[in-house]
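Letter by letter, the chains look like this.
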Amino acid sequence: MIKTLAVVGATGAVGQIVLEEIQKQGVQYEALKLLASSRSAGKTVQVAGQDITVELMEPAAFEGVDVVIASTPDEVAAECVPWAVERGAVVVDESAFYRMDPRVPLVIPEVNPQAIAKHQGIIASPNCSTTQMVVALHPLRQAAGLKRVVVSTYQAVSGAGLAAQQELLNNTQSRLSGQTGSAAIFQHDIALNLIPQIGSHKHAGFTSEEMKMVLETHKIFEDDSIAVNATCVRVPVLIGHSESIYCETAEPLELEQIFELFRSAEGVTLIDDLPNKSYPMPRDCADQPDVFVGRVRKDLNHPCGISFWCVSDNLRKGAATNAVQICKLLSAR
Ligand SMILES: NC(=O)C1=CN([C@@H]2O[C@H](COP(=O)(O)OP(=O)(O)OC[C@H]3O[C@@H](n4cnc5c(N)ncnc54)[C@H](OP(=O)(O)O)[C@@H]3O)[C@@H](O)[C@H]2O)C=CC1
Ligand SMILES: N[C@@H](CC(=O)OP(=O)(O)O)C(=O)O
């Protein structure tokens, strides 16, 4: 049982789902604190039928807190996470800021729960696009090794926070009424459009989001030899990231074996019936905790090549659900 649990960024796109997931997953705590910036301090949020006032996040707010789930922008995490750790709390952080720090475990409970044991006060939850891909690849890798991954993402606007969802809705209304919409959160107007840029230029023409998919996959699987090549695209969908994944295992797998691996994998739901038009789509997968897989095919030209389609709610398994699962693992230790 956690004595005092603090949710930082409780008013954000991810933070709001964290509050739901805490109840859904049955996290046991004596007291719950909600923290955010001065923009939201003083507002009331309902959690499990109880009104809780949002407090200002400042160093003293972490006095007496045992566990923190933090969902803030990177620069805010950089400042506030040490405040909590210095006061003895363990922090599950959703931001990208600490993920590649060698002292910080980067954890997906279905894949590398053992990594939690090495924490020194901070445990990071991975990037949303990386999480769903790694959950889906894990059973294939366990059965036959993993050499190469080529992934193209179709990422929902909610990946960029609450304000981004409003930008899609406003700009779509504008377009439909014959006007042009302005772009504040995204690089271009996202309405009825696709933007092949998520994050900033990072390395050799790849964006920061694409490089996260490479580096975080290596860290979680503890294997830098896996060749990962990502192209990340923003699409005009509210919730649910989709991914077209091509991978090459070290040993060949039969198609029926691949289906069976997906069917029995923890956290994976297989929906694959093309003749009956049945496959995962983001609208159907929103609000669900799992990673959905479908359109599974063997490469016609390579014995170890496998193609599949993967969809998951970026705010749930991509963020809040994963962080709350980590919190449950922590409190069970
Ligand atoms: N959206 C997604 O799919 C995913 C997001 N993440 C990560 O989760 C984190 C949160 O993202 P998201 O919820 O989408 O973002 P939002 O913009 O929707 O929410 C941000 C939250 O952080 C709070 N915050 C901002 N600045 C401060 C501050 N100075 N002090 C205290 N609180 C502050 C906001 O509070 P206030 O109401 O006061 O502004 C709000 O609660 C980010 O690091 C993001 O990269 C990770 C995986 C997936
Ligand atoms: N960048 C992701 C969401 C996200 O916030 O990722 P990260 O936590 O790695 O910054 C997206 O926009 O869909």
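What you see is a predicted model, and the numbers here were worked out from it, not measured in a lab.

Q: I tried to follow the sheet that holds strand S1 (residues 2–8) on my own but got confused; where do I start?
A: Across a sheet, strands are paired by hydrogen bonds formed along the backbone, either parallel or antiparallel in direction. Within the open sheet, the six strands sit side by side as S5-S2-S1-S6-S7-S8. Their pairing is parallel. Here the strands that pair on one side only, and so sit at the sheet edges, are strand S5 (55–56) and strand S8 (122–124). In this structure, strand S7 (residues 90–93) lies alongside S8, joined through three bridges in parallel fashion. When the bridges of S8 are listed, Val92 appears paired with Ile123. Packing against the sheet, helix H1 (residues 13–24) makes contact with S1, strand S2 (29–36) and strand S6 (67–70), and its axis sits at approximately 155° to S1. Together, S1, S6, S7 and S8 form the strand contacts of helix H2 (residues 74–86), whose direction differs from that of S7 by roughly 155°.

Q: Even after reading the chapter, I still don't get the nonpolar core, so can you show me in this structure?
A: Nonpolar side chains in soluble globular proteins tend to be buried together. Ranked by internal contacts, the top residues of the largest apolar core, which has 57 residues, are Val68, Leu137, Val149 and Phe308. In terms of residue count, helix H3 (residues 128–144) provides more of this core than any other element does, seven residues in total. No fewer than three residues from each of domain 1 (2–125 + 319–332) and domain 2 (130–314) sit in this core. Core analysis: the next-biggest nonpolar cluster, separate from the first, contains 34 residues, Ile22, Val47, Ile52 and Cys327 among them.

Q: What am I meant to see in unusual backbone geometry here?
A: What you tend to see is this: most non-glycine residues have negative phi, and most peptide bonds are trans. Even without glycine at this site, Glu222 takes up a positive phi of about 50°. Here Glu222 is to be found in the loop between helix H5 (208–221) and strand S12 (227–234). On the basis of relative accessibility, which here comes to 57%, the residue Glu222 falls in the exposed class.

Q: Hey, could you run me through the site of ligand 2 in this one?
A: The full set of residues close to ligand 2 is Glu94, Arg99, Asn127, Cys128, Gln155, Gly159, Ala160, Ile198, Glu209, Lys212, Arg234 and His241. A distance of 3.1 Å separates an oxygen atom of ligand 2 from a polar backbone atom of Gly159. Arg234 is positioned with one of its side-chain polar atoms (N or O) 2.5 Å from an oxygen atom of ligand 2. Protein contact buries 79% of the 340 Å² of open area that ligand 2 shows by itself. Residues belonging to the shell around ligand 2 are distributed by class as follows: three nonpolar, four polar and five charged.

Q: Even after reading the chapter, I still don't get the pairing of S6, so can you show me in this structure?
A: The side chains of a regular strand alternate, first on one face of the sheet and then on the other. On S6, burial covers both faces: Val67 and Ile69 on one face and Val68 and Ala70 on the other are all buried. Across four bridges, the pairing between S1 and S6 is parallel. Note that in S6 the partner of Ala6 across the bridge is Val68. Across four bridges, S6 lies against S7 in parallel orientation. Across the sheet, the residue bridging to Val68 is Val91, located in S7.

Q: Is there a simple way to think about the UniProt feature "binding site: substrate" (unreviewed entry) in the chain in this case?
A: In this numbering, the UniProt entry assigns the feature "binding site: substrate" (unreviewed entry) to Gln155 and Arg234. Spanning 80 residues, the named residues form one tight spatial group whose C-alpha atoms are at most 4.8 Å apart. Residue placement: Gln155 occurs in strand S9 (residues 148–155). A relative accessible area of 1% means that Gln155 is categorised as buried. With residues up to four places along the chain from it excluded, the contact list for Gln155 reads Ser129, Ile198, Glu209, Cys232, Val233, Arg234, Val235 and His241. Of the polar contacts made by the side chain of Gln155, one reaches the side chain of Thr153; its length is 2.9 Å.

Q: When you look at the pattern of salt bridges in this model, what are you seeing that I'm missing?
A: Where charged atoms from two side chains of opposite charge approach closely, those side chains can pair. One pass over the full model with this rule turns up 14 salt bridges. Note that Glu20 and Arg316 form a salt bridge whose closest N and O atoms lie 2.8 Å from each other. Highlighted residues: Glu20 in helix H1 and Arg316 in helix H8 (residues 316–332), separated in sequence by 296 residues. A relative accessible area of 37% places Glu20 in the partly exposed class. For Arg316, a relative accessible area of 2% gives the class buried. In this structure, Glu21 and Arg316 form a salt bridge, with 3.0 Å as the shortest nitrogen-oxygen distance. Remark: Arg316 occurs in helix H8 and Glu21 occurs in helix H1; sequence separation between them is 295 residues. For the pair Glu21 and Arg316, one class covers both residues: buried. Residues participating in the shared-partner salt-bridge network are Glu20, Glu21, Asp287, Asp313 and Arg316.

About the criteria used
Residues numbered from 1 in each chain as written. Chains lettered and ligands numbered in written order. Predicted model: local features only at pLDDT ≥ 70, side-chain atom pairs only at ≥ 80, totals over all residues. Heavy atoms only, no water. Pairing = 2+ DSSP bridges. Helix = DSSP H or I, 4+ residues; strand = E, 2+ residues; numbered from the N terminus. Contact = heavy atoms within 4.5 Å. Axes fitted to C-alpha atoms, helices over the stretch in contact; angles between N-to-C directions. Core = buried A, V, L, I, M, F, W, Y, C linked by side-chain atoms within 4.5 Å. Buried < 20%, exposed > 50% of the residue type's maximum accessible area, 1.4 Å probe, protein only. Domains from an automatic or database assignment. Near = heavy atom within 4 Å. Polar contact = N/O pair within 3.5 Å; in protein donor to acceptor, adjacent residues only side chain to side chain. Areas by Shrake-Rupley, 256 points an atom, 1.4 Å probe, with all protein chains shown as cover. Nonpolar A, V, L, I, M, F, W, Y, C, P; charged D, E, K, R; others polar. UniProt positions renumbered as here; feature names shortened; annotations may be inferred. Salt bridge = Lys/Arg side-chain N within 4 Å of Asp/Glu carboxyl O.

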